[in-house]
Amino acid sequence: MNKPNIGWKDIDWTLVRKTTFKWQQEIYLASKTGDFKKVRLLQHKLIASREAKLLAVRQVTQDNTGKVTAGADGIKRLTPNQRLKMVDQLRIPTKAKPLRRVWIPKPGTNEKRPLGIPTIQDRCLQALFKLALEPEWEAQFEPNSYGFRPGKGCHDAVKAIYDSTVKGSKYVLDADISKCFDRINHQYLLDKIAMKGAFRKQIKYWLEAGVLDGETFAETTQGTPQGGVISPLLANIALHGLELHLKQWISDKPIRSRTGVLVKPGRRYETIQVIRYADDFVILHRDKSIVLEAQEEVKRFLAPIGLELSEAKTRLSHTLELQEDDTIAEGFDGVVGFNFLGFTIKQFKSRHRSAKTTTGELLGFKTRIYPSKKTVNKHQEKLRQVVLKDGKVYDQSALIKKLNPIIRGWSSYFGVSDANTTKHLGKQDYLLYLKLRRWAKRKTGTSGKSTKFWKKLRKH
């Protein structure tokens, strides 16, 4: 891999990935055993390796979705020769250039959220640094943290919620951290990462790079601006420890089981579930007082990080039914169930299809997970835009080409839930048919002629 005259197309990418992954495995294992002296040594070697630099440049300039997004320097793409030159330029530490401010709409609202786009060189350097930093923290991250992590995703988080509610009803704190990426305390984050010398200086360069909004420059004294390759990892590091903190906190509480028996201190941590996806998380427990106290404990945990809960997006509920003393003053809005990652999680009373305890006893309810109302409305609005607005200029073939990835993506994401049982998938199919029928009538002018767009498929 040290051949000086080798071209970009001639690089053995299988060997590059294999070599880099081997370094990452060693960092992971050293971190898992707590040998952080070895971790730092291996990180230095990985970052200095040509293989890791090649992989970082490829990820940013070829593989990533935003590969042609320009930073403050206006450069959108690199030629193969420029990529090889970029590999030779990657050094830590390197002073970071200001981020380019881009405003994008927030889904379902009229608001916009800011993105900070680094230059291609800074993104390549961040990707290189991430290759070394991520395995160290993957060895430490909590089991129920699912956002922006390799091998974990939304479905894993929802499955964890299902597993924690399928055998019992729970009170739930459905929480959201206000402007998480924008408010993380820099000093807290740097101290928590615990890197020294060039590594610490490089992270600080990125955090304090500043932002260019048009011609206006603004300093960044807090937060990890969204848009950077390494920002999600830094946010996860900042929030790491929330689950462990609450499990240690509850161990000192007098918790009783469903039968009224006092739970032993060594088992009390099992009674609370903390499931987090980036800055969204839920806390589940059968005792309302514990959930209310946990909310205050979360606030204390977040304070040193520079964060706080969003009052507008944080709510209290119950998975099955609310009691008369579950009041608005406590934070309950009277709605049973909660939404998480586009799903509604709610329990329904059932006599014939009831869930059972581990001993086979009927619980009298069943947990259902299905697309939330907000998600359904958003999906229908997207279909309406494609079929009835943009579709005015599409022929049948073009319309099908536009619709297929939308339908396939939505069905794949929600198809793993109870969406079919609750008739959500069937209803979406019918509503789309109505839109297509209207589109066909527009194209032909009459309902009778519009039938030419449909034909029966032979059954095999």
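Residues numbered from 1 in each chain as written. Predicted model: local features only at pLDDT ≥ 70, side-chain atom pairs only at ≥ 80, totals over all residues. Heavy atoms only, no water.

Identification of the chain as Reverse transcriptase domain-containing protein from Stauridium tetras is taken from an unreviewed UniProt entry.

1. Describing the overall build of the chain
Each helix and strand counted, the chain has 16 helices and 11 strands in total. On the principal axes, the C-alpha backbone points of the chain span a range of 75 × 70 × 50 Å. With 460 residues in all, the chain has 46% of them scored as buried. Side chains of the chain give 85 positive and 47 negative charges; the mean places of these two sets differ by 9 Å. (Helix = DSSP H or I, 4+ residues; strand = E, 2+ residues; numbered from the N terminus. Buried < 20%, exposed > 50% of the residue type's maximum accessible area, 1.4 Å probe, protein only. Lys, Arg positive; Asp, Glu negative; His and termini not counted. Charge placed at Lys NZ, Arg CZ, Asp CG, Glu CD.)

2. Considering the sheet that holds strand β9 (residues 338-340)
Pairing in this open sheet of 3 strands is antiparallel, and the strands run β9-β10-β11 from one edge to the other. Both edges of this open sheet fall to β9 and β11 (365-371), since each of them pairs with a single strand only. Ignoring strand direction, the axes of neighbouring strands in this sheet form an average angle of 30°. Relative to β11, strand β10 (residues 343-349) is paired through 7 bridges, and the arrangement is antiparallel. Residue pairing in the sheet places Ile345 in a bridge with Ile369 of β11. Each of β9, β10 and β11 touches helix α6 (residues 154-165); the most contacted strand, β11, lies at about 165° to it. (Pairing = 2+ DSSP bridges. Axes fitted to C-alpha atoms, helices over the stretch in contact; angles between N-to-C directions. Contact = heavy atoms within 4.5 Å.)

3. Some points on helix α9 (residues 197-207)
When we look at burial in α9, the residues that qualify are Phe199, Gln202, Ile203, Trp206 and Leu207. In an axial view of α9, the angular spread of the buried residues amounts to 135°, which keeps them on one side of the axis. Those residues of α9 that are buried are in contact with α2 (36-48), α5 (120-138), α8 (186-193) and α10 (231-239). (Arc of directions from axis to C-beta.)

4. Describing the sheet that holds strand β1 (residues 99-105)
Strands sit in the order β2-β1-β4-β5 across an open sheet of 4 strands; the sheet is mixed. The open sheet has two edge strands, β2 (112-117) and β5 (216-218), and neither has a second partner. Pairwise comparison of adjacent strand axes, ignoring direction, gives a mean angle of 40° for this sheet.

5. Remarks on the packing of helix α13 (residues 373-389) against helix α14 (residues 396-414)
The contact between α13 and α14 brings their axes to 10 Å, and the two run at 170°. Judged by the angle between their axes, α13 and α14 are roughly antiparallel. The residues of α14 that touch α13, namely those facing Thr375, Val376, His379, Lys382, Leu383, Val386 and Val387, are Leu399, Lys402, Leu403, Ile406, Trp410 and Phe414. Within the contact of α13 with α14, the residues separate by chemical class into 9 nonpolar, 2 polar and 2 charged. (Parallel < 35°, antiparallel > 145°, perpendicular 65-115°, else oblique. Nonpolar A, V, L, I, M, F, W, Y, C, P; charged D, E, K, R; others polar.)

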